[in-house]
Every structure is written in C-alpha cells, then in structure tokens.
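Results of the structural survey
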Amino acid sequence: MADKKVIAVIGATGAQGGGVVRAIHADGRGEFTARAITRRPGSDKARALAGLGAEVVAGDADDVTTLERAFAGAHGAFCVTNFWEHLSPERELAQASAMARAAKRARVSHVVWSTLEDTRHWVPLSDARLSTLKGRYKVPHFDAKGEADEAFLREATPTTFLLAAFYWDNFIHFGMGPRKGPDGELVLGLPLGGGRLPGIAAEDIGKCAYGIFRRGTDTIGQRFGIAGEVLSGPEMAAGFGRALGRKVGFHDIPFDVYRGFGFPGADDMGNMFEWQSLINAEFCRARDVDLSRSLNPELLSFDEWLANNVGRIPLE
Ligand SMILES: NC(=O)c1ccc[n+]([C@@H]2O[C@H](COP(=O)([O-])OP(=O)(O)OC[C@H]3O[C@@H](n4cnc5c(N)ncnc54)[C@H](OP(=O)(O)O)[C@@H]3O)[C@@H](O)[C@H]2O)c1
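Residues numbered from 1 in each chain as written. Predicted model: local features only at pLDDT ≥ 70, side-chain atom pairs only at ≥ 80, totals over all residues. Heavy atoms only, no water.

1. Looking at helix α4 (residues 89-105)
Where we set the bar: By the criteria applied, helices consist of DSSP H or I runs no shorter than four residues and strands consist of E runs no shorter than two, each listed in order from the N terminus. By this rule, a helix spans an expected 1.5 Å times one less than how many residues it contains. Only protein chains enter the accessibility calculation, which uses a 1.4 Å probe; a residue whose area is less than 20% of its type maximum is buried, one above 50% is exposed, and one in between is partly exposed. The contact criterion used is simple: two residues touch if any of their non-hydrogen atoms lie within 4.5 Å.
In this model α4 runs 24 Å from its N-terminal to its C-terminal C-alpha over 17 residues, within 8% of the 24 Å that 1.5 Å per residue would give. Residues P89, E92, L93, Q95, A96, S97, A98, M99, A100, A102 and A103 constitute the buried set of α4. The elements touched by buried residues of α4 are β1 (5-10), α3 (64-71), β4 (76-79), β5 (110-115) and α5 (140-154). In the segment just after α4, R107 is the residue with positive phi, at about 60 degrees.

See the structure below:
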C-alpha cells in the first residue's frame, strides 16, 4: 500500500468519483490507491469507501485551501463539479477553478477533469436558435464546465479532459424512464429531435477515468469523449422492450414542451437536448465507444446495463 501512488478523488461519494474509487480498489494489483475527498467524512457513503481501503479526507470545492490540503502528496486527482446541487454556473466555474489551482499548488502530476462542451462555441449568445439563460449561457451546466477547461489550461495544471455522456442511471433516479401512456402502453419520452444520444452506465465513467490514469501522463492535454453506446430514441425504447418483455414506444418530446416541464433546470436541460440535436453528428462523434472500451474493457452496452438495472426503474 505504502508504495502505491495516490489518486485524490473529488465527488468520491457520488456517481463519477465513486466509480473512480471503486475501480482503483477493485484492481488490487494496480499501481494506485484512492483518497476520497468529501465534505462529510463521517457519512455512510464515506465510510463505505473507507471499507474498500480508500483513505477518506475532508475537502470542500468552495474552499481552495481545503482542496490543496486534500491533494497534498497525491500523484493524481479526479475532479468533478456538481452543478445540480446549486444550479449556479458561476459557482461551478469557481469550484473548478479552485480545483485547478489547488492541483497546481499541490504539484499533482496528473488531473482528470470531468468536463462538457461550452455550447456557446457552436451557438453564440447572439444566436436566437437557443434562448440565453442566466444572463450569459445557452446550456449553463455544460457551458460552465467547458469554460472551466480554460482554468485548468491557465493554471498549467497537467490535465486530461474527460467528456462524459448521459447517464443511463437517469432512467432510475430522475424519472426519465418509460411511463404508461393513456392506452396503458409504456412510452419512453425524450426530446431528441430525431437524433441519437450517447449514453453510459454512470459507474463506467469512473472506470474510464481510471483507465486514463493507468494510461498515464502521456494523455495530458488530450480529450477523451466516452460512451457505452450511441442510440436513437426508438433504439433505446426497443432496448427497454427487450428487457421488460413488453412493447415500449418512443415519443420525441418537442424541446419547448420539455423546457416547460417546470422542474428546476428544465430550461437548461431542454436547451441541452436541443443543442445536442442541432450538432448531433458532431456531438455523437465526440464520444467514442471503442476508445471508451479500450480505457475500460468492462464497458457496458445499453442491453447489459438494462439487464442489471431494469428492476430499479420506476415505470408508473
Ligand atoms: N446525469 C448525467 O447524465 C450527467 C452526464 C454528464 C455529466 N453530468 C455531470 O455530473 C456532475 C455530477 O456528478 P455526479 O453525478 O458524480 O454527482 P453526484 O452523484 O450527484 O454526487 C455529487 C458529488 O459531488 C460532491 N460535491 C458536491 N459539492 C461539493 C463541494 N463543494 N466540495 C466537495 N465535494 C462536493 C459530493 O460530495 P460530498 O457531498 O460527499 O461532499 C458528491 O460526491 C454534474 O455537474 C452533472 O452536470 C451528469
């Protein structure tokens, strides 16, 4: 253990970072050990990570000093922000900038930053195809992460950029799965504008990040877009149908209808789906299933993910 290189993991009690910690500790003969960073080291989730063999330390992305302390002596750092906790792109950008600065000050040799595209490079604020949100964003939870890439570059933090994809786990946790229509038949509704959606098992994101750490510092400066599969709406509905053993239809929800759903961030999510459809071929090309499998040979297909999870998806 003492000779293993430490990977400090932000978001370790969450989906992405948790996957990184579990991937590191599942590989008993690997060269790394994980240091889980959390605001609540005494939480059940933190204790579960300690049970895997991870060191658990306190750290808060709103406080750069705590991050610097948490990164001290680490070889690597996995960095992720959670926009959905506060819905503030400015705060997300500040947190990511603090991560970049802390990693630089702590002399971390390899950072993997979980980012997304700054959609304003494709749809500038002057482009009326998408409404401008929160004053200077088109898709706030994408744009702030993309803008934060520059913080990692500005600080000259040795960073590999990981472009995540839609978690299929959203079908479990965010009520995005198939619902019964008026005729009693199940229908999967998503606003895809006829396009395809790169998706991934959330756990595979951490496994791919671990694959990047294993590949090493030669990957610094590169962008790795990952996905388990890139599927159309009808293809995902057919997957649900196979897993459930009953017919599941697909409804392509109009973007305006989706933006009007009224949940916190519905406008942001609606713009995200519309932007993904506007540049669909390019968006999908940026997430490469073969590359993802080369980082993580255990990468799940949608059918495989469904076989493990279909019982957890609320269908009413
Ligand atoms: N859902 C999707 O389809 C999807 C796809 C691509 C990207 N994303 C992005 O994924 C991000 C969320 O990642 P996730 O799903 O892994 O999160 P998650 O499961 O919701 O967990 C959030 C994690 O963030 C940590 N955290 C939050 N604020 C923190 C702070 N101030 N300091 C330190 N740690 C903090 C939490 O740690 P503690 O509470 O233990 O401190 C927790 O581990 C979002 O920004 C989202 O935009 C989501």
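Continuing now.
2. Some remarks on a nonpolar patch on the surface
We count it as follows: Each patch is assembled from residues with relative accessible area greater than 30% and no salt bridge, linking like charges that lie within 9 Å and nonpolar side chains (Val, Leu, Ile, Met, Phe, Trp, Tyr) that lie within 5 Å. Every accessible area reported is derived by Shrake-Rupley at a probe size of 1.4 Å, with residue values counting cover from the shown protein chains alone. By salt bridge we mean one thing: a side-chain nitrogen of Lys or Arg within 4 Å of a carboxyl oxygen of Asp or Glu.
A cluster of nonpolar side chains, V257, F261 and F263, forms an exposed patch at the surface whose accessible area comes to about 270 Å². Along the chain, F261 falls in the loop between α9 (255-259) and α10 (266-278). A residue is classified by how much of its surface remains accessible, and F261, at 46% relative accessible area, is partly exposed.

3. So, the packing of aromatic side chains
One pair of aromatic rings is described through two measures. These are the centre distance and the angle between the planes. As a reminder of what qualifies: Only the six-membered ring of Trp is used, alongside the rings of Phe and Tyr, when aromatic pairs are assigned; centres must lie within 6.5 Å, and planes under 30 degrees apart are stacked while those over 60 apart are edge-to-face, with the rest tilted.
Overall, the coordinates contain 17 aromatic pairs when judged by the stated rule. Between F171 and F302, the ring centres sit 6.1 Å apart and the planes meet at 55 degrees, which makes this aromatic pair tilted. Here F171, found in helix α6 (residues 170-173), pairs with F302, found in helix α13 (residues 302-309); they are 131 residues apart in sequence, far enough to count as distant. The pair F171 / F302 is uniform in exposure class, with both members buried.

4. Brief notes about the sheet that holds strand β13 (residues 248-252)
In sheet architecture, strand pairing relies on hydrogen bonds along the backbone and comes in two forms, parallel and antiparallel. Convention followed: Note on pairing: two strands pair once DSSP finds at least 2 bridges between them.
The strand order across the open sheet formed by three strands is β8-β9-β13, and the pairing between neighbours is mixed. Two strands lie at the open edges of the sheet, namely β8 (179-180) and β13, each paired on one side alone. Across two bridges, the pairing between β8 and strand β9 (residues 186-190) is antiparallel. By the bridge assignment for β9, R179 is matched with V187.

5. Some thoughts on the packing of helix α8 (residues 233-244) against α13
The condition that has to hold: Angular values range over 0 to 180 degrees, each being the angle between N-to-C directions of two axes fitted as lines to C-alpha atoms, with helices fitted over their stretch in contact. We call two directions roughly parallel when the angle between them is under 35 degrees, roughly antiparallel when it is over 145, roughly perpendicular when it lies between 65 and 115, and oblique otherwise. Definitions for this section: a left-handed crossing has its near helix turned counterclockwise from the far helix by less than a right angle. A right-handed crossing has that turn clockwise. Each residue is assigned to one of three groups, with Ala, Val, Leu, Ile, Met, Phe, Trp, Tyr, Cys and Pro labelled nonpolar, Asp, Glu, Lys and Arg labelled charged, and all others, Gly among them, labelled polar.
Contact geometry for α8 and α13: axes closest at 10 Å, N-to-C directions at 40 degrees. By the criterion of interaxial angle, the relationship of α8 to α13 is oblique. As for the relative orientation of α8 and α13, their crossing is right-handed in sense. Facing α8, whose interface residues are M236, G239, F240, R242 and A243, α13 presents F302, D303 and L306. Taken together, the residues that form the contact of α8 with α13 break down as five nonpolar, one polar and two charged.

6. So, α3
Cut-off, in case you're wondering: The reported arc concerns the directions from the helix axis to the C-beta atoms and nothing else.
Listed as buried for α3 are V64, T66, L67, A70 and F71. Seen from one end, α3 has its buried residues packed into an arc of 160 degrees, which puts them on one side. Each element contacted by the buried residues of α3 is listed here: β1, β2 (32-38), β3 (55-58), β4 and α4. Just downstream of α3, G73 is the residue with a positive phi angle, here 80 degrees.

7. Some remarks on the site of the ligand
To keep things clear, this is the line we draw: A single heavy atom is enough: if one lies within 4 Å of a molecule or strand, its residue is considered near that molecule or strand. Polar contacts, as counted here, are pairs of nitrogen or oxygen atoms within 3.5 Å of one another; within protein the pair requires one atom able to donate a hydrogen and one able to accept it, and residues that are adjacent in sequence qualify only if both atoms are side-chain atoms.
Lining the immediate surroundings of the ligand are 29 residues, of which T13, Q16, T38, T81 and Y167 lie closest. At 2.6 Å, a side-chain N or O of T38 approaches an oxygen atom of the ligand. Note that an oxygen atom of the ligand is positioned 2.8 Å from one of the side-chain N or O atoms of K145. Taking 930 Å² as the accessible area of the ligand by itself, protein coverage stands at 85%. Taken together, the elements giving at least two residues each to the shell around the ligand come down to α1 (15-26), α4, α5 and β7 (166-167). Split into classes, the residues belonging to the shell around the ligand amount to eleven nonpolar, eleven polar and seven charged.

8. A look at the packing of α5 against α10
Each pair of packed helices gets described by two things: the angle between the helix axes and the distance between those axes. Two elements in contact, α5 and α10, have axes whose closest approach is 8 Å; the angle formed by their N-to-C orientations is 70 degrees. It follows that α5 is roughly perpendicular to α10 by the angle criterion. Residues P140, H141 and F142 of α5 touch α10, and the partners they reach there are D268, M269, M272, W275 and Q276. Across the contact of α5 with α10, the residue classes break down as five nonpolar, two polar and one charged.

9. Overview of the nonpolar core
Grouped burial of nonpolar side chains is what soluble globular proteins tend to show. Counted only if it meets this: Nonpolar core, defined: a set of buried Ala, Val, Leu, Ile, Met, Phe, Trp, Tyr and Cys residues in which side-chain atoms within 4.5 Å join the residues together.
Ranked by size, the top nonpolar core spans 36 residues in total, and within it F171, M236, F273, F302 and W305 carry the most contacts. Those elements that provide at least two residues to this core are α6, β9, α8, α9, α10 and α13. Residue contributions to this core peak at four residues, all from α10. The next biggest cluster of nonpolar side chains, apart from the first, holds 32 residues, and it includes I7, V20, L295 and L299.

Remember, this is a structural readout, not a statement about activity or role.
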